[in-house]
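Structural overview
Spelled out, the chains give:
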Amino acid sequence: MSDMDWQSQAPLIVAGAVVATGLITFGVVKVKGFLDAQLPACKGLPFWRKLKAGLFAKSMIDRMDASAAFFATGLASKIDLWQTIYEEFGEKPFKLAQLAEKGGYDPRWLRELVNTLTCAGIIKLAAHQPQKDFMDDDNTLYYLPIERAMLLKKNEVPPPLPYFCELWGDWSGATWRLIPPRIKGEHQGKGIPYSAYEGFHDALTQASGCQFKHKLLRKFIYKNHKDLVPALQKGTIKVVEVGSSQGVALRLLAQEFPNTKFFGFDLDTDATKVASDEANKASLKNVTYQVADFTRSDQHGVPQGSAGWLIMFDVLHDMGDPKGALEGIFNLLQPGGFITVYEPKGRSSVRGNVGNDMATAIHCISLMHCMPVGLGADGKGAGMGNMFGRDAITQLMRDTGFVDVKVLPGLDRMQNEYFARKPE
């Protein structure tokens, strides 16, 4: 551009710059005024700090919305809403009255729940519905996309979405009033007993059962531990599960390897009875469940130094004395015997977990359940929590005397498997 062109365009450029500066200034003033009005708690902060505060407030509202959707999804699962929609309507549109009739639901409660799930974007509104009356939901047509219905109805294959949603509601409800006075108050420092979590073993069996049925043999046995398959087939190895709950994992293993003897130990009487009853129904003669402290051979009859493989699924971090537990396992195993410990995937320091997309959920589950039961009702337990972490677990295993400690992929992306052996 020549000097003459610049000279002729200069007034326009200056005018544009003035207008742009004015618009920017006007925008900043408007935003500042909005922030001052909406965030009086941040009075006195510089503008850029208030802007960050506004973005943070918005992110918290988004988190509340997501949490509400998760809670409502679990509530719907509790009353078999997803199953009813899937079986009665498939992907066809339905009205609230039709759904209430098919599922035997109260119409008013159903409306509130379905509309919560619709605003969350989980249930959809059928297209091209003229809205004549904004107070008339009775004639509104809803539908659930079939791929969502297949994930949300209760399945015997992963992912266990409905069970996780139910557990979240159960645990948050059970602990909402129990936790604050234990952080600061009359019960400060104490834990929460298992008895406070009504239906825990039922929910655990549902959530973990579909994982076990789909992946235990394929991924855990035939992929991670194919070297042990010959011994399992011949029955030359004795397998013990600590914290066997209602016995799903051992039943699957006992069916697959009828020549091997399996022993399940748990401290919960009701869960152990369910495990034994289910084994009897399946006519399994090679698996035994007992209410017993696994460190006490006089209680369960498995001699010290005789077990070939000891397994724990999501149990170690709940124990009040994980160090003592590993020492007990070490003594129960025969020389050269193996230990498998399944634990949530994480590091032992928060610095190693920030940025892990599941860390918040795993920590919160620990806050609601795992850490409190690990502390015990008297608060004297270790309370390691869900994020016990690979660093602390592998170190504790080595300190106990285990060798060849390995970290292997778990059954899903939320878990690690820790595998080691007792020296010969």
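First, a word on scope: everything that follows refers to the structure included in this document. Not measured: the values here are computed from a predicted model. (Residues numbered from 1 in each chain as written. Predicted model: local features only at pLDDT ≥ 70, side-chain atom pairs only at ≥ 80, totals over all residues. Heavy atoms only, no water.)

If you check the backbone angles, Ser 283 has positive phi at about 55° while not being a glycine. Along the chain, Ser 283 falls in the loop between helix 12 (269-281) and strand 5 (287-291). Judged by its relative accessible area of 53%, Ser 283 falls in the exposed class. One non-glycine residue, Asp 404, lies in positive phi territory at about 55°. Looking at the element boundaries, Asp 404 is found in strand 8 (residues 403-409). (Helix = DSSP H or I, 4+ residues; strand = E, 2+ residues; numbered from the N terminus. Buried < 20%, exposed > 50% of the residue type's maximum accessible area, 1.4 Å probe, protein only.)

Here the focus is the layout of surface pockets. Space inside the second largest pocket adds up to approximately 490 Å³. Considering the residues around the second largest pocket, the lining is formed by 17 residues, among which Ser 67, Trp 168, Ser 172, Cys 364 and Met 368 are closest to the centre. Broken down by secondary-structure element, the contributors of at least two residues to the lining of the second largest pocket are helix 2 (47-78), helix 7 (161-175) and helix 15 (359-375). Here the residues of the lining of the second largest pocket are counted per class, giving 12 nonpolar, four polar and one charged. (1 Å grid on protein atoms, 1.4 Å probe; cavity = no way out; pocket = protein on both sides within 12 Å on 5 of 7 lines; lining within 4 Å. Points joined across faces, edges and corners; volume = space filled by probe spheres on them. Nonpolar A, V, L, I, M, F, W, Y, C, P; charged D, E, K, R; others polar.)

Pairing in this open sheet of seven strands is mixed, and the strands run 5-4-3-6-7-9-8 from one edge to the other. The sheet terminates laterally at strand 5 and strand 8, the two strands that pair on one side only. Neighbour-to-neighbour, the strand axes of this sheet turn through a mean angle of 20°, independent of strand direction. As paired elements, strand 3 (residues 239-242) and strand 6 (residues 307-313) share three bridges and run parallel to each other. Looking at strand 6, one finds that Glu 241 is bridged to Ile 311. Most of the contacts of helix 11 (residues 248-256) go to strand 4 (residues 262-266), to which it runs at about 175°, and overall it touches strand 3, strand 4, strand 5 and strand 6. The strands touched by helix 14 (residues 322-332) are strand 3, strand 6 and strand 7 (333-344); relative to strand 7, the strand with the most contacts, the crossing angle is about 145°. (Pairing = 2+ DSSP bridges. Axes fitted to C-alpha atoms, helices over the stretch in contact; angles between N-to-C directions. Contact = heavy atoms within 4.5 Å.)

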